[in-house]
Amino acid sequence: MAHFSNFPICWMFLLLLGRSEHFIHPVCPFTDSECDSGCEIQEDSFRNAGKNPKSCWIQSLDQKFLVFKAPGNLEFESRTLIEQKEPDSTFSIQIYNDTNISGRQPVMLNVANDGKKLTVTCQENKEVSAEEMDPNGLNMINGAGHKAIFRWQQSNPGKYMFESTLFPGFFLALEEADACLHKLVLRRVARDEVDESAMFMLTTCSS
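The structure displayed is predicted, hence computed values, not measured ones.

Rules behind the numbers
Residues numbered from 1 in each chain as written. Predicted model: local features only at pLDDT ≥ 70, side-chain atom pairs only at ≥ 80, totals over all residues. Heavy atoms only, no water. Helix = DSSP H or I, 4+ residues; strand = E, 2+ residues; numbered from the N terminus. Buried < 20%, exposed > 50% of the residue type's maximum accessible area, 1.4 Å probe, protein only. Contact = heavy atoms within 4.5 Å. Areas by Shrake-Rupley, 256 points an atom, 1.4 Å probe, with all protein chains shown as cover. Polar contact = N/O pair within 3.5 Å; in protein donor to acceptor, adjacent residues only side chain to side chain. Salt bridge = Lys/Arg side-chain N within 4 Å of Asp/Glu carboxyl O. pLDDT = per-residue confidence, 0-100. 1 Å grid on protein atoms, 1.4 Å probe; cavity = no way out; pocket = protein on both sides within 12 Å on 5 of 7 lines; lining within 4 Å. Points joined across faces, edges and corners; volume = space filled by probe spheres on them. Nonpolar A, V, L, I, M, F, W, Y, C, P; charged D, E, K, R; others polar. Phe/Tyr/Trp six-rings, centres within 6.5 Å; stacked < 30°, edge-to-face > 60°. Lys NZ or Arg CZ within 6 Å of the ring centre and 35° of its normal.

1. Section: the overall build of the protein chain
Looking only at helices and strands, one finds one helix and 14 strands in the protein chain. Here the protein chain holds 207 residues, and 44% of them are scored as buried. For the protein chain, contacts bridging at least 24 residues in sequence account for 58% of all contacts bridging at least 6. Entry remark: accessible area of the protein chain is about 11000 Å², with carbon and sulfur atoms responsible for 51%.

Listed below in structure tokens is the structure:
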């Protein structure tokens with residue numbers, strides 16, 4: 001039997017409740033110790049927590065996978081067991097620390113393409129894309145908001161939301177542009193609103 005001595009009880013409960021799809025379960029990719037600040041940080045800044053990023057699949061509630069599409073688009077599509085292991089649907093989640101007391105962890109989402117690391121970002125027009133960024137400028141980020149930093153939170157058991165720090169109140173969401181195109185967008189969601197298009201399942205990638 002697996003040992004869960006270092007696994008938070010709340011995540012054990014979610015793991016047992018997680019619904020199965022392709023023999024995988026949505027789980028929290030981080031332990032409590034990985035989400036602790038543990039160091040002093042300047043106000044209105046974000047610092048890379050120095051933890052190894054966690055590789056995850058990000059799925060909409062209808063179990064479509066978030067996928068990178070060149071040149072920088074992010075879309076949702078159904079995938080087979082083989083297709084879901086492709087690099088374009090494997091996202092790494094890098095945790096950051098800051099002085100915000102909301103309890104919502106700042107994170108950065110990355111995906112690989114042709115040997116390059118691309119980062120999910122919000123643009124000034126509130127479009128969402130994946131772009132290559134200078135890694136030297138991402139260890140310490142000054143400012144209360146940044147286009148590549150999102151605050152993630154658990155909205156319901158096994159469901160998570162990502163709020164933009166650059167545009168507070170706006171969350172990553174799925175938009176059905178047409179019957180064949182489901183893309184990642186930034187959408188305003190009120191605090192008391194239930195918007196399932198802005199909820200995602202995270203699944204730790206398996207080999």
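2. Some thoughts on the side chain of His146
Relative to the elements of secondary structure, His146 occurs in the loop between strand S9 (140-142) and strand S10 (150-156). Owing to a relative accessible area of 18%, His146 belongs among the buried residues under this scheme. With residues up to four places along the chain from it excluded, the contact list for His146 reads Met133, Ile141, Thr165 and Leu166.

3. Quick notes on the environment of Asn110
Within the fold, Asn110 resides in strand S6 (residues 105-113). Sequence separation between Asn110 and Gln94 is 16 residues, and the spatial gap between their C-alpha atoms is 7.9 Å. A distance of 2.7 Å separates a polar atom in the side chain of Asn110 from a polar atom in the side chain of Thr119.

4. Quick look at the pattern of salt bridges
A complete count under the given rule lists nine salt bridges for this structure. The salt bridge involving Lys64 is made with Asp62; its shortest N-O contact spans 3.2 Å. Relative accessible area serves as the criterion here: at 18%, Lys64 is assigned to the buried category. A salt bridge links Glu77 to Lys69; the shortest N-O distance between them is 3.0 Å. Judged by its relative accessible area of 23%, Glu77 falls in the partly exposed class.

5. Description of the confidence of the model for the protein chain
Of all residues in the protein chain, 79% attain a pLDDT of 70 or more, and the chain-wide mean is 83. Contacts from residues 1-27, a stretch scored under 50 in pLDDT, to residues over four places away or in other chains number 43 contacts.

6. What about empty space enclosed by the protein?
In the structure shown here, the tally under the stated rule is one cavity of 30 Å³ or more. Its boundaries defined by the atoms lining it, the largest cavity holds a volume of some 40 Å³. Ile58, Leu66, Phe76, Leu109, Phe162, Leu172, Leu184 and Phe200 together form the lining of the largest cavity. Here the lining of the largest cavity is composed, by residue class, of eight nonpolar, no polar and no charged.

7. Focus on the packing of aromatic side chains
Taken as a whole and judged by the stated rule, the model has five aromatic pairs. A ring pair is formed by Trp57 and Phe65, whose centres lie 6.3 Å apart and whose planes are at 85°; its orientation type is edge-to-face. As far as burial versus exposure is concerned, Trp57 and Phe65 are alike and both buried. The interplanar angle of 20° and the centroid separation of 5.5 Å between the aromatic rings of Trp152 and Tyr160 together place this pair among those described as stacked. Given the relative accessible area of 7%, Trp152 is considered buried. The cationic tip of Lys126 hangs over the ring face of Phe170; the distance from NZ or CZ to the ring centre is 5.1 Å.

8. Considering the environment of Lys126
Looking at where Lys126 falls in the secondary structure, it is placed in the loop between strand S7 (116-122) and strand S8 (128-132). Exposure remark for Lys126: the relative accessible area of 30% places this residue in the partly exposed category. In this structure, the C-alpha to C-alpha distance between Lys126 and Val185, residues 59 residues apart in sequence, is 7.7 Å. Setting aside its immediate chain neighbours within four residues, Lys126 contacts Phe167, Phe170 and Leu186.

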